[in-house]
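Chain residues, written in single-letter form:
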Amino acid sequence: MSNGQVLSLRYRSARWFGGTRKWIAWTIGRHPLLAGLSGMLAATVMAALTFVALYNSREDEFRHAMDNSRNLVAIISRDLARNVALYDMSLRGVASDAERPETWTLSPYLRQRVLFDRGLGSPISGDAYVLDAQGRVKASKSGNTYPGLSFADRDYFAVQQNNPSVGLYISHPYPSQVRGGALAVGLSRRIHTAQGAFDGIALVSIRIEYFEHLLDNIDLGPNGGGFIVLDNGTLLASRPPARRGIGSNYAGTANFAGIANHPSGSFVSDGSLDGVSRLYTYAHVPGTPLIVGIAPAVEDVLTDWRKRNMLAGAMTVLFGGAYVIVAWLFAFALRDKVRAEAELQRIAETDALTGLSNRRAFDQRLGQEWLRSQREQTPLSLLFIDIDHFKRLNDTYGHATGDEVLAEVAARIMSGTRRAVDVAARYGGEEFAVVLPNTSLDGAVKVAETIRERIEAAGLANKDTERGHVTISVGCASCMPPGGGSAPALLAAADTQLYAAKAAGRNRVAWQPGAE
């Protein structure tokens, strides 16, 4: 290689490195946070694999805990669904037999055998009953009729009485009058007369201990929990025992709405109920209003994980932190400089009185939206707005009031254009313009009417006019940029329609029918 070739290679290399340095300086100057991010990159790359491994192992712990919880929820749900289905089948039979007049002609012994010989003697249940239309016991599996007692005030009776189509109803927990106040839940079905009127209910009571026993047989961990609730938030059982007790309602708690509205799921609670954050897994029991949830404590789930990974995480943070701090100090200095420049740019593009975009910014955005509509083949609409008789308002009330009116009109124009892509601007004096990307003529007219109505509803006084308050006229134009034309032509079309609105009497929206 000759000396000339060596010099040429050195020259090209020097130029390349010099250009690269200039490009890096220009990029960081425009995006100062890149300096901090670049400084973080080296530390992040070194730490990434460590933290990914730690996070993945943490997620594995959660997935394992959720899998276990789902299995437990499924077991409890199957037990509940099976027993409810069995009791429902028995109650259907009781209700069907109770509706037959011949059942009540039998002797008490035979009647009891006919009505209740359907597996209603499970240890989890209390007594089974037929109640008449007044809530009195007409027959029971135990043979007791409890003279003088009426259960018409119970929800399991009132719901069936008032709703012929409710089907199987599972009640709120109640203190049993026949078991010394022990809590129970009632399952009931409606009994009809031959004419379809209410004639009482078939009822079986379920001891609350049954629900508690389902949770007692599960290892929930030192701080874990579980619950069985109705879909209206009424608690039937919980472990550990709820402070508000069985029968309390949790529908107003932060997480219950999500539980009630989804058939199953998992989430991590914030511990607002008892100060313990838990990993909840829940499911609705099919065919019933019951919801089962299992919630191991996050602390219990992650205990072993924390012991294994705390040291590795601490060392990664310690060694990477010092380098990152230096990089961000430099980035913050650049950020302050760029923010000052951005604020100056914002001021240059904003109308100081109304806070809307100014004419310069509007023209720029209109051109950009025109090009976008050409690329995407979507309609582009434009509104041209003028405050009616604004000169009279200034002459009557003074320019200070006129400025206040301009600001209020601008605010109501902004409130009528809610999409982020819509552009509202003060075009000049009392004139405003709105660009509506991807909006047809019909949609633009609706937006224009909304703006006009809002400004008229403001009731801003302008007494020397026909209506006595501030109104606007709006010209509306729409086109398909791929079909030709230009942004200035669209603006001119909207301006033409604005003059048409004024000529037609003001306080109205004008558009060219068929224009699109």
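Everything here concerns the structure above.
Just so it is clear, the model here is predicted, and its values are computed rather than measured. Once a new chain begins, its residue numbering starts again from 1 and follows that chain's sequence as written. For a predicted model such as this one, the threshold for reporting local features is a pLDDT of at least 70, and the threshold for listing and counting side-chain atom pairs is 80 or more; totals across whole chains, interfaces and linings nevertheless cover every residue. With hydrogens and water set aside, each side-chain value is computed from the structure's full complement of heavy atoms.

Draft legend 1. Broad picture of the state of the cysteines. Disulfide assignment relies on a single distance test, namely cysteine sulfur atoms paired within 2.5 Å. As enumerated under the stated definition, the model contains 0 disulfides in all. Here Cys 476 stays free of any disulfide, with the sulfur of Cys 479 as its closest cysteine sulfur at 11 Å. Only protein chains enter the accessibility calculation, which uses a 1.4 Å probe; a residue is then buried when its area is under 20% of its type maximum, exposed when over 50%, and partly exposed in between. Owing to a relative accessible area of 1%, Cys 476 belongs among the buried residues under this scheme.

Draft legend 2. Broad picture of the nonpolar core. Counting 38 residues, the largest nonpolar core has Ile 76, Leu 80, Val 130, Leu 187, Phe 211, Ile 228 and Leu 290 as its most contacted members. No other element matches helix H2 (residues 33–98), which puts 9 residues into this core. Throughout, a contact is declared for two residues whenever any of their heavy atoms are within 4.5 Å. Setting aside chain neighbours within four positions, we find Ile 76 in contact with Leu 214, Leu 215, Ile 218, Ile 228, Val 292 and Ile 294. In terms of nonpolar packing, the next biggest core, distinct from the first, is built from 27 residues, Leu 383, Ile 385, Val 447 and Val 474 among them. Grouping buried Ala, Val, Leu, Ile, Met, Phe, Trp, Tyr and Cys residues that are joined through side-chain atoms within 4.5 Å yields what is termed a nonpolar core. Helix numbering and strand numbering both begin at the N terminus, where a helix is a DSSP run of H or I of at least 4 residues and a strand a DSSP run of E of at least 2.

Draft legend 3. Summary view of helix H4 (residues 155–162). Those residues of H4 not exposed but buried are Tyr 156, Phe 157 and Gln 160. In an axial view of H4, the angular spread of the buried residues amounts to 100°, which keeps them on one side of the axis. Contacts from the buried residues of H4 go to strand S1 (125–131), strand S3 (169–170), strand S4 (174–175), strand S5 (183–192) and strand S6 (198–207). Each direction from the helix axis to a C-beta atom contributes to the arc, which is the arc of those directions.

Draft legend 4. Structural view of the pairing of strand S7 (residues 225–230). Along S7, 6 of the 6 residues are buried, which leaves the element largely enclosed by surrounding structure. What you see with S7 is no split at all: Gly 225, Phe 227 and Val 229 on one side and Gly 226, Ile 228 and Leu 230 on the other are buried throughout. Across 6 bridges, S7 lies against strand S11 (residues 290–295) in antiparallel orientation. Pairing of Gly 226 across the sheet is with Ile 294, part of S11. At least two bridges found by DSSP between two strands is the condition for calling them paired. Here 4 bridges tie S7 to strand S8 (residues 235–239), and the two strands are oriented antiparallel to one another. Counted as the bridge partner of Gly 226 is Arg 239 from S8.

Note that all results are geometric; they support no functional claim without further evidence.
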